[in-house]
Amino acid sequence: MTYLELHGITRRYGKVDAVAECSLAINEGELVSFLGPSGCGKTTTLRIIAGFERADQGEVHLAGERIDGVPANRRKIGMVFQSYALFPNMTVADNVGFGLRVARMPPAQRSARITEMLELVQLGGYARRYPAQLSGGQQQRVALARALALRPRLLLLDEPLSALDAQIRVALRQEIRALQRQFGITTVYVTHDQEEALSLSDRIVVMHRGRVEQIGTPEVIYHRPATRFVASFVGTLNLLDAQVTDAVRGVVQIGDQQLALGVPLSHPAGATIVLALRPEALMLGGSPPPGQPRLSGTTLTSEFLGAIMRITIRIASQTAIVDVLNRPGLATPAPGSIATLSFDPAAVTVLAADAATHRP
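Values in this document were obtained by computation on a predicted structure and should not be read as measured data. (Residues numbered from 1 in each chain as written. Predicted model: local features only at pLDDT ≥ 70, side-chain atom pairs only at ≥ 80, totals over all residues. Heavy atoms only, no water.)

## A closer look at the overall build of the chain
Tallying secondary structure elements over the chain gives eight helices and 21 strands in all. Referenced to the eigenvectors of the C-alpha coordinate spread, the extents of the chain come out at roughly 75 × 50 × 35 Å. For the chain, buried positions account for 48% of its 360 residues. Total accessible area on the chain is roughly 16800 Å²; 51% of this is exposed by carbon and sulfur atoms. The distance from the centre of the 36 positive side-chain charges to the centre of the 31 negative ones in the chain is 6 Å. (Helix = DSSP H or I, 4+ residues; strand = E, 2+ residues; numbered from the N terminus. Buried < 20%, exposed > 50% of the residue type's maximum accessible area, 1.4 Å probe, protein only. Areas by Shrake-Rupley, 256 points an atom, 1.4 Å probe, with all protein chains shown as cover. Lys, Arg positive; Asp, Glu negative; His and termini not counted. Charge placed at Lys NZ, Arg CZ, Asp CG, Glu CD.)

This is the structure we're talking about:
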């Protein structure tokens, strides 16, 4: 059931559209991430939902109620900020219970709720500490407990993990997802971190220059990007320029090499297209199954990245990256040697020159 709806949200600063005609429907209990680079409009959209900013046009509906004219403190929305925003002169317990006290919850009930929330975020023994006595990860847990204590109708998180180191980010994002599922709370999560968005989300909204580029599940966003921006921003991707030579048979040319993709193309002969291929979709050497497209090129570099070896190969005037699962005794091609690549045609996304998506 649709729970949060944005209809044509636009926010302008002077002549610049920070957000342009953003429309979105989020289901009850869903976790949706807004993903994009700095300045793409994701945080502005979140602040409009929260009521901290007003849109120049458009509507925001929550649980069937139009709320864009409702003050922020009456929307019953919980928010977790990047900077934690804890009161330094208050204990952990007082921080978590601040909103409950403002709402005039009876002391005994408030104390029970604070205890419950601190146990949920694994800070049961920290009630009397102050924020300065906590690590960054612990402070963010307090901020999350404070947001959830009021049982909000909607939870908003604005880059909540960006100030933490990598190991703590991974652990805390798993906890956030577990709590979100436990409470069944509809959540909007803003991040510029692709891995966070892919691992946490039911769906991802990719934004660029104030506009929504694509909305889809993590699998769709990763494997079937709708625009060249999405293709290049989410994950590592090879973008190989090619020219259609036979649209009916799905034959394209890269440099002096021809590839048969096996199915008709919607682009006419002579059209320039881009083949988008993930590094893990490319197979290096070996004996590929019959009918798989093949490319040959010159090995440039091999990088040791722990679980994988990343090999860069020049194909005509372009380069392709191949990720090979690392194992003891793995032999990789030496720089300057000829390497052969192959791939399953189903792994290819064909992007037109105007960045619209077309399947081969």
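On we go.
## So, the sheet that holds strand E19 (residues 338-342)
In spatial order, the strands read E15-E19-E16-E17-E18; together these five strands make up an open sheet with antiparallel pairing. The outermost strands of the open sheet, each flanked by one partner alone, are strand E15 (283-284) and strand E18 (318-325). (Pairing = 2+ DSSP bridges.)

## Structural notes on the side chain of Glu159
By the secondary structure assignment, Glu159 is in the loop between strand E7 (154-158) and helix H5 (166-183). Contacts of Glu159, omitting those with residues within four sequence positions, involve Lys42, Gln82, Val190, Thr191 and His192. (Contact = heavy atoms within 4.5 Å.)

## As for helix H1 (residues 42-50)
Of all nine residues in H1, seven are buried; the element is thus mostly enclosed. Taken residue by residue, H1 has Lys42, Thr44, Thr45, Leu46, Ile48, Ile49 and Ala50 as its buried positions. Positioned one or two residues after H1, Gly51 has a phi angle of 95 degrees, which is positive.

## Let's talk about the pattern of salt bridges
Applying the stated criterion to the full structure yields 16 salt bridges. For Lys42, the salt bridge goes to Glu159, with nearest N and O atoms at 4.0 Å. Here Lys42, found in helix H1, pairs with Glu159, found in the loop between E7 and H5; they are 117 residues apart in sequence, far enough to count as distant. The class for Lys42 is buried, based on a relative accessible area of 4%. The class for Glu159 is buried, based on a relative accessible area of 11%. Ionic pairing is found between Arg249 and Asp246, a salt bridge with its closest N-O pair at 2.9 Å. On the basis of relative accessibility, which here comes to 53%, the residue Arg249 falls in the exposed class. Because the salt bridges share partners, they merge into one network encompassing Arg11, Arg47, Glu53 and Asp56. (Salt bridge = Lys/Arg side-chain N within 4 Å of Asp/Glu carboxyl O.)

## Quick notes on the packing of aromatic side chains
Across all of its chains, the model carries three aromatic pairs by this definition. When the ring of Phe52 is compared with that of Phe81, the centres are 6.2 Å apart and the planes differ by 25 degrees; the resulting orientation is stacked. Pair noted here: Phe52 is in the loop between H1 and strand E4 (57-62) and Phe81 is in the loop between strand E6 (77-80) and helix H2 (92-102), with a separation of 29 residues, a long-range link. Note on Phe81: relative accessible area 25%, which makes it partly exposed. Measuring from ring centre to ring centre gives 4.8 Å for Phe87 and Phe98, while their planes differ by 50 degrees; the resulting arrangement is tilted. With a gap of eleven residues between them, Phe87 in the loop between E6 and H2 and Phe98 in helix H2 connect regions that are remote in the sequence. By relative accessible area, Phe87 is classed as partly exposed at 29%. (Phe/Tyr/Trp six-rings, centres within 6.5 Å; stacked < 30°, edge-to-face > 60°.)

## Some details on the pairing of E19
In the sheet, E15 pairs with E19 via two bridges, with the strands oriented antiparallel. Directly across from Leu284, in E19, lies its bridge partner Leu341. By the bridge criterion, five bridges tie strand E16 (residues 294-304) to E19 in an arrangement that is antiparallel. Counterpart to Ser296 in the pairing with E19 is Thr340.

## Re the nonpolar core
Ranked by internal contacts, the top residues of the largest apolar core, which has 32 residues, are Val96, Leu144 and Leu155. Listed by contribution, the elements that provide at least two residues to this core are H2, helix H3 (107-120), helix H4 (136-149), E7 and H5. Looking at this core, the element that brings in the most residues is H4, giving seven residues. In this structure, Leu6, Leu46, Ile49 and Val190 belong to the second largest nonpolar core, which totals 27 residues. (Core = buried A, V, L, I, M, F, W, Y, C linked by side-chain atoms within 4.5 Å.)

## A few points about the pairing of E6
The two faces of the sheet receive side chains in turn, since in a regular strand these alternate between them. Because side chains alternate across E6, one face comprises the buried residues Ile77 and Met79, and the other comprises Gly78 and Val80, equally buried. With four bridges connecting them, E6 and E7 associate as parallel partners. Bridge pairing links Ile77 to Leu154 in E7.

## A few points about the environment of Gln253
Summarising the element assignment, Gln253 is placed in strand E12 (residues 251-254). Separated by twelve residues in sequence, Gln253 and Asp241 have C-alpha atoms that sit 8.8 Å apart. Apart from residues no more than four positions distant in its own chain, Gln253 is found in contact with Ala242, Gln243, Thr245 and Gln258. Separated by 3.5 Å, the side chains of Gln253 and Gln258 make a polar contact. (Polar contact = N/O pair within 3.5 Å; in protein donor to acceptor, adjacent residues only side chain to side chain.)

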